[in-house]
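Tertiary structure, described
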Amino acid sequence: MAFFETLLNELTGFLGIGALLEMYKTGDYHRLLTLNGILGAISPVIPFLLLIEIGRALLYKKFKIEDYKMPFLIFVVNRFISRFLSIAAVAFFIGLLEKYALFKTSFTWYWLIYGYIVWEFSHFVYHYLGHKIRLFWCLHSTHHTPQTMNLSVSYAHFFLEAPYADTIRTSICILAGVNPPLLFFIMFIDGFWGAFIHVGENILPNARLGFLNRIILTPSHHRVHHARNPLYMDTNFCNLLNIWDKLFRTHQHEKEDLKIEYGITREMNPNNFMDVYFGEFYALWKDLVKAPGIKNKLLYIVMPPGWSHTGDHKTAKVTKQAYLEQLQQQQQEKENITVQAGSVVA
């Protein structure tokens, strides 16, 4: 009986319907007039969209179990080993740093705008470091291993990534004066949008969202972020507001003539849990073993993925530069052929 009760609790937790069921049992719908009640009512939206996404894939015979198997397996594992780590990290750094805040904010619309801009900056910092420091990439890479895009990808994270992310994001926001209630509200909006931007083509074939593609980061932008195409690598680190990507020149639109290839550049088995979950740690360990001297070993930990002590770097920056140079050379060759053809005609 305890097993089925646990299973039911896990199912309601995944679907986000616990708050709605509680309101139905008690008959107290006045909670919908409170912020917590509204947030509880909105929580099931992403799981519901995920079920629709799977349903449409089944209906049009496009469903592949491997597209969803690994993210769901990771979700189950993480539920048991990291349920409270992120909450504890947030609570700890709020208590530690709140007294050092530059100033105090309140829960008002203008401070919400300020708070969200600060939050987006903190998210950019965490996300940028997750791609530019090898050790942090080991924590983040699990999220990039799926080779298709669908809502289940939002559940695919290494269990220590959330505490790492929330340590950076909470610390920056609290020190910048974002008060805890405002921070929690922003976290909810960010979590909802952060899940939604993983929506797959079964629901949104064109994920640019019209004019919004010029104003905010859309699912199209996040598909670019998950791409391993050289042009798309290490772009679109923000979550909703694209101001920091534009400021730091990491903003990239999806190109109509460049098909997105999802996944990571390392050769891996996307259906092998150990490779998906621990593969980057193992790759880092192999590099540390073969690296000569303490300095090179430390550099492998803090330098970007693809850095090599031999100088034969395969970082995202080097790969993208080589791609752009090749593209420029091809364009030059086309122009030369056109000029030559014109000369012959003349």
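Anyway, here's the lowdown on the structure attached to this text. (Residues numbered from 1 in each chain as written. Predicted model: local features only at pLDDT ≥ 70, side-chain atom pairs only at ≥ 80, totals over all residues. Heavy atoms only, no water.)

Notes on unusual backbone geometry
Where we set the bar: Numbering goes from the N terminus for both helices and strands, where a helix is a DSSP run of H or I of at least four residues and a strand is a run of E of at least two.
A positive phi angle, close to 55 degrees, is found at Asn236, a residue other than glycine. If you trace the backbone, Asn236 turns up in the loop between helix 11 (219-225) and helix 12 (243-247). Notably, Arg249 is not glycine yet its phi reads approximately 60 degrees, a positive angle. For Arg249, the position within the fold is in the loop between helix 12 and helix 13 (273-290).

Focus: the packing of helix 9 (residues 161-175) against helix 10 (residues 180-196)
Here is the rule: Axis definition: a line fitted to C-alpha atoms, over the contacting stretch in the case of helices. Angles run 0 to 180 degrees between N-to-C directions. Just so you know how the angles are binned, under 35 degrees is roughly parallel, over 145 roughly antiparallel, 65 to 115 roughly perpendicular, and the rest oblique. Left-handed describes a crossing whose near helix is turned anticlockwise from the far helix through less than a right angle; right-handed describes the clockwise counterpart. By definition, residues are in contact when any of their heavy atoms lie within 4.5 Å.
Taken N-terminus to C-terminus, the directions of helix 9 and helix 10 make an angle of 135 degrees; their axes are 11 Å apart at the nearest point. Judged by the angle between their axes, helix 9 and helix 10 are oblique. For the crossing formed where helix 9 meets helix 10, the hand is right-handed. Of helix 10, the residues touching helix 9 (which contributes Asp166, Arg169, Thr170, Cys173 and Ile174) are Pro180, Leu183, Met187 and Asp190.

Notes on the environment of Asn150
Formally: Buried means the residue's accessible area, taken with a 1.4 Å probe over protein chains only, is under 20% of the maximum for its type, while exposed means over 50%, and partly exposed covers the values in between.
Examined against the element boundaries, Asn150 turns out to sit in the loop between helix 8 (134-140) and helix 9. What makes Asn150 buried here is its relative accessible area of 3%. Each C-alpha atom, one on Asn150 and one on Gly200, is 4.0 Å from the other, the two residues being 50 residues apart in sequence. Filtering out sequence-adjacent residues up to four positions away, Asn150 remains in contact with Glu53, Asp67, Tyr68, His198, Val199 and Gly200.

Re the side chain of Glu120
For the record, the criterion: Note on charges: Lys and Arg go in the positive column, Asp and Glu in the negative column, and His and the chain ends are not counted at all. Salt bridges are identified by distance alone: a Lys or Arg side-chain nitrogen within 4 Å of an Asp or Glu carboxyl oxygen.
Considering the arrangement of structural elements, one finds Glu120 in helix 7 (residues 109-132). Buried Glu120, no salt bridge; nearest opposite-charge side chain is Arg169, N-O distance 7.9 Å. Discounting residues that sit within four places of it in the chain, Glu120 has contacts with Cys238, Asn239, Leu240, Leu241 and Trp244.

Concerning a nonpolar patch on the surface
What counts is decided by this rule: Here, patches come from residues exposed beyond 30% relative accessible area and free of salt bridges, joined within 9 Å for like charges and within 5 Å for nonpolar side chains (Val, Leu, Ile, Met, Phe, Trp, Tyr). Per-residue and other accessible areas were derived by the Shrake-Rupley procedure at a 1.4 Å probe size, with only the shown protein chains allowed to occlude residues.
Judged by side-chain polarity, Trp109, Tyr110, Ile113, Ile117 and Ile243 come together as a nonpolar surface patch covering roughly 530 Å² of accessible area. Position of Ile113 among the secondary structure elements: in helix 7. The partly exposed category is assigned to Ile113, whose relative accessible area is 47%.

A short note on the nonpolar core
How we decide: Remark: nonpolar core denotes a set of buried residues (Ala, Val, Leu, Ile, Met, Phe, Trp, Tyr, Cys) joined through side-chain atoms within 4.5 Å.
With 24 residues, the main nonpolar core has Trp119, Cys173, Val178, Leu183, Ile186 and Trp193 as its most contacted residues. Mapped by element, the contributors of at least two residues to this core are helix 6 (85-97), helix 7, helix 9 and helix 10. Sorting elements by how many residues they give to this core places helix 10 first, with 6 residues. Beyond its immediate chain neighbours, meaning those up to four positions away, Val178 contacts Thr105, Tyr114, Gly115, Val118, Cys173, Leu183 and Ile186.

Thoughts on helix 13
Short version of the rule: One less than the number of residues in a helix, times 1.5 Å, gives the span that helix is expected to have. We define the bend at any residue as the angle between the axes fitted to the seven residues before and including it, ending there, and the seven starting there.
Along its 18 residues, helix 13 runs 26 Å from first to last C-alpha, staying within 8% of the 26 Å computed at 1.5 Å per residue. The largest bend in helix 13 is about 60 degrees, located at Gly279. Buried within helix 13 we find Phe273, Asp275, Val276, Tyr277, Gly279, Glu280, Ala283, Leu284, Asp287 and Leu288.

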